[in-house]
Amino acid sequence: MMSMENKTQSNDLYWRSLEQKEGEKSSMDFLHREFPEGASELSSPVSRRTFVQLMGASAGLAGMVACRMPKEKIVPYVKSPEHLVPGKPKYYATAMTLGTQSYGLLVESNNGRPTKIEGNPKHPSSLGATNSFAQASILSLYDPSRSKQPKKDQVEQTWETFASEWETLCAQAKKNQGAKIAILSQTYASPSLDHHRDVFLAAYPKASWVFFDGGEQSNESAALTHRSGGSLRTYLNLSKAQVVLSLESDFLGKDVDSVRHTKEFSKNRKIESTKDSMNRLYVVEQSYSLTGANADHRLPVPSSHIYDVLVTVAQQLNRLGASVASLPKAKANKTEYQQSWISECAADLWAHRGQSLITVGKHQPKEVHALAAAINMSLGNQNKTVFYYKTLGHESSVMDLHALSEKLQAGQIDTLVILGGNPVFEAPTRLNLASLISTIANTIHFSHQCNETTKVCHWHLPQSHELESWGDVTNVDGTRSLIQPLIQPLFQTKSRLEMWALLSSNQLRSGYDLLTAFANQHGPSQNFWRKSLIEGVYNTGILPPMTPEVAGFPKVEPMEGIVVRFEHSSATFDGRFAENTWLQEAPDPMTKVSWENPALISPTMAKDLGVKNGQWISLETDHGQIEIPVWIMPGHARNSITVHLGYGREVANQNTKGVGFNVFPLRSLTSMNLTQVKNIKALSKVTTIASTQNHGSMEGRPLVRENTLEEFRKHPEFAKEAVEHPPLKSLWKEHAYEDGYQWGMSIDLTSCTGCNACTVACQSENNIPVVGKEQVINGREMNWIRIDRYFNGPEEDPMVVHQPVACVHCENAPCEQVCPVNATVHDDEGLNTMVYNRCIGTRYCSNNCPYKVRRFNFFNYTKDTPELMKMANNPDVTIRFRGVMEKCTYCVQRIAGAKQTAKIEDRKVVDGEITTACQQVCPADAIVFGDLSDPNSRVSKRKKLEQDYEMLAELNIKPRTSYLAQLRNPNPKMPSAGGQA
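In what follows, the accompanying structure is described.

## Comments concerning the overall build of the protein
Counting its secondary structure elements, the protein contains 30 helices and 38 strands. By its C-alpha atoms, the protein is 90 × 80 × 60 Å across when sized along the principal axes. Counting across all 981 residues of the protein, residues that qualify as buried make up 62%. Computing the positive centroid from 103 side-chain charges and the negative centroid from 103, the protein places the two 2 Å apart.

## Description of the pattern of salt bridges
Per the counting criterion, the structure on display carries 36 salt bridges. For the salt bridge of Lys334 with Asp308, the shortest nitrogen-to-oxygen distance reads 2.6 Å. One end of the pair, Lys334, is in the loop between α10 (306-320) and α11 (336-351); the other, Asp308, is in helix α10, with 26 residues separating them in the sequence. Assigned by exposure class, Lys334 and Asp308 land together as buried. Close ionic contact of Lys714 with Glu711 constitutes a salt bridge, the shortest N to O distance being 3.9 Å.

## Overview of the packing of α10 against α11
Where α10 contacts α11, the axes come no closer than 9 Å and their chain directions differ by 55 degrees. Considering their axes alone, α10 and α11 lie oblique with respect to each other. Where α10 crosses over α11, the handedness of that crossing is right-handed. Contact with α10, carried on its side by Val309, Thr312, Val313, Gln316, Leu317 and Leu320, involves Gln339, Ile342, Ser343, Ala346, Ala347, Leu349 and Trp350 of α11 and no other residues of that element. Its residues assigned to classes, the contact of α10 with α11 comprises 9 nonpolar, 4 polar and no charged.

## Quick word on the pairing of strand β13 (residues 356-360)
Of all 5 residues in β13, 5 are buried; the element is thus mostly enclosed. Here strand β10 (residues 243-247) pairs with β13 via 5 bridges, running parallel. Across the sheet, Val243 pairs through a bridge with Ser356, a residue of β13.

## Brief notes about the packing of aromatic side chains
Enumeration over the complete set of coordinates arrives at 26 aromatic pairs. Summarising the aromatic geometry, the rings of Phe162 and Trp166 are spaced 6.3 Å apart at their centres and angled 20 degrees between planes, so their arrangement reads as stacked. Of this pair, Phe162 and Trp166 both sit in helix α5 (residues 159-173), 4 residues apart, roughly one helical turn. Considered together, Phe162 and Trp166 belong to a single accessibility category, that of buried residues.

## Description of the sheet that holds strand β3 (residues 101-110)
Pairing is antiparallel in the open sheet, where 3 strands are placed in the order β2-β3-β4. Both outer strands of the open sheet, β2 (90-98) and β4 (113-119), are each paired with one neighbouring strand and no more. Direction aside, neighbouring strands of the sheet carry axes that sit 35 degrees apart on average. Where β2 meets β3, 9 bridges bridge the pair, whose relative direction is antiparallel. Bridge pairing links Ala95 to Gly104 in β3.

## Some details on the sheet that holds strand β6 (residues 155-156)
Taken in spatial order, the 7 strands make up an open sheet running β6-β5-β17-β16-β15-β7-β8, and their pairing is mixed. In this open sheet, the two edge strands, each paired with only one partner strand, are β6 and β8 (208-211). When strand β5 (residues 151-152) meets strand β17 (residues 459-462), the two strands line up antiparallel, connected through 2 bridges. Bridge assignment links Lys152 to a residue of β17, and that residue is Trp459. In the packing of α5 onto the sheet, contacts are made with β5, β7 (181-185), β15 (415-419), β16 (442-447) and β17, and the angle to β17 comes to roughly 125 degrees.

## Quick look at helix α12 (residues 366-378)
Owing to its 3.6 residues per turn, the α-helix aligns residues three or four sequence positions apart on the same side. The terminal C-alpha atoms of α12 lie 19 Å apart, and with 13 residues this matches the ideal 18 Å at 1.5 Å per residue to within 8%. Residues of α12 that are buried include every one of Val368, His369, Ala370, Leu371, Ala372, Ala373, Ala374, Ile375 and Asn376, and no others. Tucked inside the fold, the buried residues of α12 contact α7 (219-223), α10, β13 and β14 (386-390). Positioned one or two residues after α12, Gly380 has a phi angle of 75 degrees, which is positive.

## Digging into the environment of Asp828
Tracing the chain through its elements places Asp828 in the loop between β31 (824-826) and β32 (832-834). With 435 residues separating them along the chain, Asp828 and Gly393 place their C-alpha atoms 55 Å apart. When near neighbours in sequence (up to four residues on either side) are disregarded, Asp828 contacts Tyr737, Asp739, Tyr741 and Gln742.

## Some thoughts on the packing of helix α6 (residues 191-203) against helix α17 (residues 496-505)
For the pair α6 and α17, interaxial distance at closest approach is 8 Å and the crossing angle is 15 degrees. Comparing their axes, α17 and α6 come out roughly parallel. For α6 against α17, the interelement crossing comes out left-handed. Contact residues: α6 offers Ser192, Leu193, His196, Arg197, Val199 and Phe200, while α17 offers Arg496, Leu497, Trp500, Ala501, Leu503 and Ser504. Residue classes in the contact of α6 with α17 are distributed as 7 nonpolar, 3 polar and 2 charged.

## Digging into α6
Helix length check: α6, at 13 residues, gives a terminal C-alpha distance of 19 Å against a target of 18 Å (1.5 Å per residue), a fit within 8%. For α6, the full list of buried residues reads Pro191, Ser192, Leu193, His196, Arg197 and Phe200.

## Overview of the environment of Gln186
Tracing the backbone through its elements, the reader meets Gln186 in the loop between β7 and α6. The residues contacting Gln186, other than those within four sequence positions of it, are Phe211, Phe212, Asp213, Leu419, Gly420, Gly421 and Arg576. A distance of 3.3 Å separates a polar side-chain atom of Gln186 from the backbone nitrogen of Gly421.

## Looking at the state of the cysteines
Per the stated rule, a full pass over the model turns up 0 disulfides. Summary of cysteine pairing: Cys755 is not part of a disulfide, and the nearest cysteine sulfur, belonging to Cys922, is at 6.3 Å. Residue class for Cys755 comes out partly exposed when judged on its relative accessible area of 23%. In this structure Cys815 is a free cysteine whose sulfur lies 6.3 Å from that of Cys845, the closest cysteine sulfur available.

Scoring rules and cut-offs
- Residues numbered from 1 in each chain as written.
- Predicted model: local features only at pLDDT ≥ 70, side-chain atom pairs only at ≥ 80, totals over all residues.
- Heavy atoms only, no water.
- Helix = DSSP H or I, 4+ residues; strand = E, 2+ residues; numbered from the N terminus.
- Buried < 20%, exposed > 50% of the residue type's maximum accessible area, 1.4 Å probe, protein only.
- Lys, Arg positive; Asp, Glu negative; His and termini not counted.
- Charge placed at Lys NZ, Arg CZ, Asp CG, Glu CD.
- Salt bridge = Lys/Arg side-chain N within 4 Å of Asp/Glu carboxyl O.
- Axes fitted to C-alpha atoms, helices over the stretch in contact; angles between N-to-C directions.
- Parallel < 35°, antiparallel > 145°, perpendicular 65-115°, else oblique.
- Left-handed = near helix turned anticlockwise from the far one by under 90°.
- Contact = heavy atoms within 4.5 Å.
- Nonpolar A, V, L, I, M, F, W, Y, C, P; charged D, E, K, R; others polar.
- Pairing = 2+ DSSP bridges.
- Phe/Tyr/Trp six-rings, centres within 6.5 Å; stacked < 30°, edge-to-face > 60°.
- Expected span 1.5 Å × (residues − 1).
- Polar contact = N/O pair within 3.5 Å; in protein donor to acceptor, adjacent residues only side chain to side chain.
- Disulfide = S-S within 2.5 Å.

None of this, on its own, says anything about what the molecule does.
Next up, the structure:
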């Protein structure tokens, strides 16, 4: 890691992109244009087809026409529901699942329609926060492209018709105990679903039930077993870990338990004085992840070399006194820098025995997981920083899918039920599932939307959204949660529980009846049921931790040549969120690419191939071949390529079809996570990738303040001293804030991981539209919060800093001084407000904003909005019409609501009573909002910390949002950066 001394004296060390770093003309032209060329609607018209596509799933979330009276008649309640207070939302506890992982949620309901999702503080996986996937799931509920009713061979049917046909099939299956029935299901961890599965298999003992997820990463459970039988799952306790080594474990990013991990990890990085200490994070990975971006030391290594690195760590620990037995011999061809890096990391782990932790990405081979568990036990970390629990739920198995395909090919199956997912698209190509399924007499697909799998099945049964469903889930530690609906099913859909029950009992029953019946058999009283619904979580006994059986570690030769790693996407995950345009448009936290999944390569590899960003390559493995554009990623390991799953759909809604590139054909049964490249060739074709990494750049200005913990202790005022300027005097009369509330915000850059949760939460809370790939390329994205990502250091091995930037509500706001119609004005509580009705779209305010945080809606995204989409709007936020400026308001609607409640109760607003959408969602607790006039408020105390600074304070604009400088805790014995595998 580079020395950080005096970094803050110059912003020249920081760069956003290779083009900017190298001063390419195209990059500079974009930065120097205040508004992109053709920034009016007339000179860049949107075709009707493109516009309708955007309307289909989220651009229309800018909802109803603003400032204009609707002509339709409205009808009030004939009889108002009990306890309903018009305009006052209610909140209900429920849960959301992602494979076998569950998240506890609190969902806001306005007059019977859910509009906003938050984390449940009582749930162990949420702890009051959420991630971008949970935030965006509200959009999927109101997606007009959802399947609406059952169909057989494209003809609309009823559930009763299917139930009757299923009963007939089951009667025939009884003759051979279900030997010709196969169920292909997505993974889950639900006691009630398991109950109905058991009932089904008891009735048809020879039936096949297979689990498969497209982004399969089940190597952990294969490696960790218990002597009593069964597999184990790893549970990290990062709050107790002082030194962490991550081997491609993105526990702060795309790991399914990242919300809890971020909460725990960030608690040990809160610095309030020079006496405080913080944890230390080492990361070894192929491509930059959020975890790598927050590391104190990072080593770029191809994914196939991770096992060899861990073997070397174990050897070093044994020299220090550890007892990791039966180690294979590590490769000797490491550079001096790499060997020194690993040695110092191992020494730090050994010095913090019982307070250290090694974590491994689930995609890594089982040998890596087994060795990591052995090292953790040798370090005394077990049952302190890492726990092993019995695996609950069902893991994905591509080998079981292979066995099923062989049965299909042999004609042993005549009835196939596919429960969720899209296996035809996601399974290895050589299984040839599409043609095999098309030959089966009875095929049934149960899913949210039509996809490639639906196309080859006779029956399509629509699945309910989780906000329309009853159910239950089990957390990895044994904690259980109830899923309760916030709204009746919008279409003729059934929940997973209702579908499982139909398969097992041939009966159509409501989810509520099924769940209560199951709870009465397996749970306590009705009072317990009610309490569990209110709190959203109940404990039936936390699982006891177990010890994995690990012994003997074989020699695993790293793949030679160029290796491709298949990685989950921050937008689509493994493909299940592909239709969600909030996620598609949110720029990837590291690449800043949206609406795409180009292949990521290192700068060195780009030079070797002679390619630039957006240039296509032909990529061939032993299993398939694709053509895909590249994206040059600083810090990416050499001789390796990273591709993201879930793109390139051909049977999908109009927002998803043709978006990105299908990389599934490169995978095989034995290479679901990593595969070797057979041939790679640069092509002449070049395409423009939608990326925001150079948008809103404030070049040459000291924006990020960063230092080491050691230097902070020596120079605690370094952040404020970073910029020298003469005494600040204003031409304008200073604002006087003597009475009332004075709102402000503080953002801790040390805690912030750059995860995008705040961006998506703001979009949901404030009815912000999606603009589509073309407009993102033109620099017209509408997100009110952007997260700037800066590199620092050599392009092959830089460090990364993230900085969220929204309107900072300047007291001497430059935007207010130039607005000809007083559309942007200051109120007496310090808010820089926008009066949308006054705005005439001159864009002078944006031109004069030094932070470049104001957004202009060039097009009328509210036109022709589907009625269903209007239900997703927050009724407390006005809908903007075309041609006005938009920006962060500090969630003024929440401020007004809290003030109104306090006034009714004849009191002042209590500190912490108001949380902005970005603050509430943040799993790192990096954002604090409150009253600056209250010296005891959290935000006032934050702003008194020595590392607090105001971005561009030298302009004398007095922003109300300030930052706590980024601090890292590097190991002083580490070598200087400069080597790779």
